[in-house]
Structures are given as C-alpha cells and as structure tokens.
Amino acid sequence: MPPGWRSAGTWSIVRAMDAVLLLAALCEIERTLVGSLVRGVAAASPHGLWVDLATSRGPEGLLLSAEAALPRIVRGALQPAKTRPLPPLAGVARRRLPGARLTGIVHHGLDRVAHLDFAPALVTAPEGVQTGSGCRLILELFGSQPNLLLTDAEGSILEAARHAPPSAGRPQ
C-alpha cells in the first residue's frame, strides 16, 4: 500500500492536492460513489463537509475540505469530531443533502474545480411529502483561499465555506 494511505479504501493525502491527484481521486469517486444515497452530513472543520453515503457496498464517507493548509477530497474518510459552533455551510447542507442521490461529477481536464451533482432520490413522492430539488457542491481547490459552495439546481449560491466580497466575483 502506498505511504500515506490509511487503508486500501481510503485516500489520505498529506500534501496539497494537485490537478493530477484530484483527477485520480475524482475518477475513483465517480466509479464507486455515483448513484449513492446521502444518509447524512457533518461539519468537517469550519471549511469542510463530511458526507455519509449509502452505497451498494455499504456505508462510505466522503470528505470535502476547503482548508487553506490542505484542501482536498477524500473517499473513505472517517467521520470527523463534532465542530462547534456549526458552520453555516454545514447547517444548509444538512437540510438539503440527506435523502439526495449523488448523480454525477463534473470536472474539466486538469482544472482544480469539481462539481458534485445531487438529485432528489424520490422522483414522485407520496402526497404531502416534499422531494425538494437538486443541488450541487462545488469544490475549488486552488489559490490561497480554496472554497466549497452549495448551490441550488439553478446555480444560485445557497451557502459557502468562505464568503468573498461582491466585487471579487467567482468563476462560473
């Protein structure tokens, strides 16, 4: 097993995630986790999320971190210790993601931006039950201020790990 890996099913990268490592991680995540159901979400530091997924092989954790010191995406991550107070991003993600299905990952070439798309697991629900709409997690792993954003299906930002001033603009 390569140094720095905790187990064969866990990626544990102890250096900055460059474009090639991100591409490898996203290919593995797409192969193994697309189609999984979100069971829950927890804060993984002020700038990260841990997503608990139900897969055909059993439960699996996915860590998305926009920490400036080590931004990364990690398949097979263990649930982190509770973060208090609960960061706003984690609060919104807890309301939007559970019950949704990871439907796809969008990534272009060696770009260090990844989009994880989620859709309601129930297409039609019994009367009185809301299915909600899809949403997207956008992980930006570049620069001195990496970010993690949660958007609705139309692309409106619901919450972000880091808030930039309106004059700064964000890449599309």
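Notes on the structure in this doc start here.

Thresholds, definitions, all that
- Residues numbered from 1 in each chain as written.
- Predicted model: local features only at pLDDT ≥ 70, side-chain atom pairs only at ≥ 80, totals over all residues.
- Heavy atoms only, no water.
- Helix = DSSP H or I, 4+ residues; strand = E, 2+ residues; numbered from the N terminus.
- Expected span 1.5 Å × (residues − 1).
- Buried < 20%, exposed > 50% of the residue type's maximum accessible area, 1.4 Å probe, protein only.
- Contact = heavy atoms within 4.5 Å.
- Core = buried A, V, L, I, M, F, W, Y, C linked by side-chain atoms within 4.5 Å.
- Salt bridge = Lys/Arg side-chain N within 4 Å of Asp/Glu carboxyl O.
- Pairing = 2+ DSSP bridges.

1. What about helix H1 (residues 19-33)?
Part 1: Over its 15 residues, H1 extends 20 Å from the first C-alpha to the last, a length consistent with the 21 Å expected when each residue adds 1.5 Å.
Part 2: Of all the positions in H1, only Ala19, Leu22, Ala25, Leu26, Glu28, Ile29, Thr32 and Leu33 are classed as buried.
Part 3: Taken together, the buried residues of H1 touch strand E2 (48-55), strand E3 (58-65), strand E4 (72-75), strand E5 (100-106) and strand E6 (113-120).
Part 4: Immediately downstream of H1, the backbone of glycine 35 shows phi near 100 degrees, a positive value.

2. Describing the environment of leucine 49
Part 1: Within the fold, leucine 49 resides in strand E2.
Part 2: A C-alpha to C-alpha distance of 5.9 Å links leucine 49 and leucine 63, two positions 14 residues apart in sequence.
Part 3: Among residues more than four places away in sequence, those in contact with leucine 49 are Val41, Ala42, Ala44, Leu62, Leu63, Leu64, Leu89, Ala90, Ala93, Leu137 and Leu148.

3. Comments concerning the nonpolar core
Part 1: Ranked by size, the top nonpolar core spans 34 residues in total, and within it Leu62, Leu64, Ile73, Leu116, Phe118, Leu137 and Leu148 carry the most contacts.
Part 2: The greatest single-element share of this core, amounting to five residues, is contributed by H1.
Part 3: With near-sequence residues (within four places) excluded, leucine 148 lies in contact with Gly48, Leu49, Leu64, Ala66, Leu89, Leu137, Ile138, Leu139, Glu159, Ala160 and Ala161.
Part 4: With six residues, the next largest nonpolar core counts Ala44, Leu63, Val74 and Ala77 among its residues.

4. A few points about helix H2 (residues 88-96)
Part 1: All buried positions along H2 are accounted for by Leu89, Ala90, Gly91, Val92 and Ala93.
Part 2: Check the buried side of H2 and you find it contacts strand E1 (37-43), E2, strand E8 (147-152) and strand E9 (157-160).

5. Overview of the pattern of salt bridges
Part 1: For the structure shown, the criterion picks out five salt bridges.
Part 2: Residues arginine 39 and aspartate 52 are paired through a salt bridge, measuring 3.0 Å at the closest nitrogen-oxygen approach. Linking arginine 39 in strand E1 with aspartate 52 in strand E2, this pair joins segments that are 13 residues apart in sequence.
Part 3: Where aspartate 117 meets arginine 136, a salt bridge forms, and the shortest distance between an N and an O atom there is 2.4 Å. Taken together, the residues aspartate 117 in strand E6 and arginine 136 in strand E7 (residues 135-140) connect sequence positions 19 residues apart.
Part 4: Overlapping salt bridges, with partners in common, bring together Glu28, Arg31, Glu60 and Arg75 in one network.

6. Quick notes on unusual backbone geometry
Part 1: Of note, the amide linkage connecting arginine 84 to proline 85 takes the cis form, showing an omega dihedral of -5 degrees.
Part 2: Tracing the backbone through its elements, the reader meets proline 85 in the loop between E4 and H2.
Part 3: Of note in the backbone geometry, serine 45 takes a positive phi value of approximately 90 degrees without being a glycine.
Part 4: Within the secondary structure, serine 45 sits in the loop between E1 and E2.

7. Overview of the pairing of E6
Part 1: Counted residue by residue, E6 has six buried out of eight residues, so it is predominantly covered.
Part 2: Counting the residues in the hairpin turn of E5 and E6 gives six residues, including glycine 109, whose phi is positive at 55 degrees.
Part 3: Pairing geometry for E6 and E7, over six bridges, is antiparallel. Opposite phenylalanine 118, over in E7, you have cysteine 135 as the bridge partner.

It is worth stressing that arrangement in space is one thing and function is another; only the former is reported here.
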